[in-house]
Amino acid sequence: MIDIAGILIDNILFVALITLGGVLISWSVHFVPVGGAPAAMAQATGIGTGTVQLAAGAGLTGLVTAGAMINVTDSLPLILASGAVGAMIMISVTMIVGTWVYTYGVGVPPASAKVDYDPITKDRQDIYVSQGTEGHGLPTVSFVSGVIGGGLGGIGGAMVYYSLVNITTGLSATNLMGLASIFAVGIFFVNAVIPSYNIGGTIEGFHDPKFKRWPKAVITSFIVTFMCSIVGVIAIGGL
Amino acid sequence: MEPLMGMGVLAIIGAAATIAGASEDLESDVGSQSNPNSQVQLAPQMNYPHRIFNKAISGEPPSNAMLGAVGGTVTSVLMNAYGLSVVFAIAAGALVAALIHGTYCTSAYMGRSASQKRFRQPIYLDIIRSHVPVMMGFAYITTFCILVVSYLMTAVLAHPFPLPLLAFIWGITVGAIGSSTGDVHYGAEREFQNVEFGSGLNAANSGNIVRKAESGLRNGIDNSWFCAKFGGPVTGIAFGMTVFLSGWITAVFDPSTGTTAGWLSVIAGAIIVLALIIWNRRIEVAARNTYGPYKEDEVEA
């Protein structure tokens, strides 16, 4: 018989950390400038792919770098930082190559349709939006927002993985890492999907009016990840 | 590990990832997967029936993650349970993944085209015969390279994740990158070469994709011919850079030698990101100056 209460009490810190990680992931997705299908036709500002897909691509790259770091160090800040850096590298490389394609392949300048002036560079935006579109490409504010989003997502993913891999369990190290990484990927996806209901296909970054909706997603993620973390901790701790 | 050895392995990983990225994007151009397919799907409804392969099995990331996971699992089983050599196991894993991909491609095209019967969109059997092997070929190359990356990471760089999971994660990443970069070249440029160059797709033109080719009627292979000149290679560069740079910072500043080196690797990564932000800004300024505004400035004029 598994001592469920005992396992939870022993690992209560990890339950809290996993929940915090999930909430961070959910918040981070709001920063990522995604334009969905319209952006792939240079019809909306942002990266031409889905919310979940890009956030997951960046966050999981962070998980890979954090996973490598966890093998050689016990320092939590270092593990979180390496997760953030891995995700930030992935998302900024994707965005810079996206800018190449928009600028040299499609021939459009980056422009936002949600604000008249870029909040960071103070550049005029509205007159650079081509007719019949909702902006295109990645103006500086969206790029910076994407980097912040990638970083937060990487920290969240790394925190979830760190917590899962440190649960007291009878598993061998190899099996524990395999199981913890799969749980981490699962929790990442759950929290990447929740904000997409807020975003509804396109968001330009933290300057977009839709960004203000993040508290709803964060509260939902808090509840959902808390339940996920209990299941994860009992499943791994009980083995 | 010797730093030089680590860099050598990383170079092979980067090269394999570059090929994987390019072939992933070209696969999605032949089969019209991902976001630009919304226009291919829309065209017959707007009275533009076409001969372009129409599939969107799923978003590119889940689709490539499935290929990676299937290939990685088969490879793992063949290596660990049957003791086969790595090269054979990876080749067999990629082959199984490509076969499954071919099945999905065929059913996706049949299903999507059949559902558009009322818009008089034909199902071209010759398109299936000519396109599916090409897509399977690209899927094979993508999966093979992702498995090479994942295997080298687990076996040589001692990454703690199991091989199928790494292949799954890199599949998600290559799909996310391909869908964000190379596909824009296909969706925003190749599909709409009939409108003036240098603007986004006007919503009024939705569905009016180019249906005539340089010779005859345009199909998916014509699209990959065009995208192979720019969209495919840059996708390869993007995925290669992601895999290479995220590993490079820890290869140069090895965190196993101490916490200081670990923090140096983080700082190196942050500097790379900062450089990319500045680079993006420079391209933005250059593009604004070169192309100029679309509308006159009402305030200052």
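Computed from a predicted model, the values in this text were never measured in an experiment.

**Student:** Can you walk me through the interface of chain B and chain A in this structure?
**Tutor:** How big an interface is tends to be stated in terms of the accessible area lost upon association of its parts. Taken together, the contact pairs 80 residues of chain B with 78 residues of chain A. Here chain B and chain A share an interface that buries about 6,400 Å² over both sides, 71% of which is from carbon and sulfur atoms. In this structure, the connection of chain B to chain A is made through two salt bridges. D123 of chain A serves as the salt-bridge partner of R281 of chain B, at 2.8 Å between the closest nitrogen and oxygen. Taken together, chain B and chain A are joined by 19 residue pairs in polar contact (both at pLDDT 80 or more).

**Student:** Sorry, what's going on with a nonpolar patch on the surface here?
**Tutor:** Residue and element names in this part refer to chain A. Taken together, I219, F222, I223, F226 and M227 make up a surface patch of nonpolar side chains, about 520 Å² in accessible area. Mapped onto the elements of the fold, I223 is located in helix α9 (residues 214–237). For I223, a relative accessible area of 47% corresponds to the partly exposed category.

**Student:** Would you mind showing me how to read the nonpolar core here?
**Tutor:** Soluble globular proteins tend to bury their nonpolar side chains together. Core analysis: the largest hydrophobic core is formed by 115 residues, its most contacted members being L54, Y161 and L164 of chain A together with V149, W170 and F239 of chain B. In terms of residue count, helix α5 (residues 76–106) of chain A provides more of this core than any other element does, 19 residues in total. Looking at this core, you find at least three residues from each of domain 1 (3–197 + 206–252) and domain 2 (256–290) of chain B. Excluding its chain neighbours within four sequence positions, the residues that come into contact with F239 of chain B are A17, A20, G21, W170, T173, V174 and I177 of chain B. Counting 21 residues, the second-largest nonpolar core is a separate cluster that includes M41 of chain A together with V30, A43 and C105 of chain B.

**Student:** So what exactly am I meant to see when it comes to the domain arrangement of chain B here?
**Tutor:** All names here are of chain B. Along its sequence, chain B is organised into domain 1 (3–197 + 206–252) and domain 2 (256–290). Every contact between the two is made by five residues of domain 1 and, on the other side, five residues of domain 2. Buried area between domain 1 and domain 2, both sides added, is near 360 Å², and the carbon and sulfur share of it is 88%. Of all residues in domain 1, M241, L245 and I249 bury the most surface against domain 2, accounting for 82% of the area lost on that side. On the surface where domain 1 and domain 2 come into contact, there are zero residue pairs in polar contact (both at pLDDT 80 or more).

Conventions and cut-offs
Residues numbered from 1 in each chain as written. Chains lettered and ligands numbered in written order. Predicted model: local features only at pLDDT ≥ 70, side-chain atom pairs only at ≥ 80, totals over all residues. Heavy atoms only, no water. Contact = heavy atoms within 4.5 Å. Buried area = accessible area lost by both parts, 1.4 Å probe. Salt bridge = Lys/Arg side-chain N within 4 Å of Asp/Glu carboxyl O. Polar contact = N/O pair within 3.5 Å; in protein donor to acceptor, adjacent residues only side chain to side chain. Patch = residues over 30% accessible without salt bridge, like charges linked within 9 Å, V, L, I, M, F, W, Y side chains within 5 Å. Areas by Shrake-Rupley, 256 points an atom, 1.4 Å probe, with all protein chains shown as cover. Helix = DSSP H or I, 4+ residues; strand = E, 2+ residues; numbered from the N terminus. Buried < 20%, exposed > 50% of the residue type's maximum accessible area, 1.4 Å probe, protein only. Core = buried A, V, L, I, M, F, W, Y, C linked by side-chain atoms within 4.5 Å. Domains from an automatic or database assignment.

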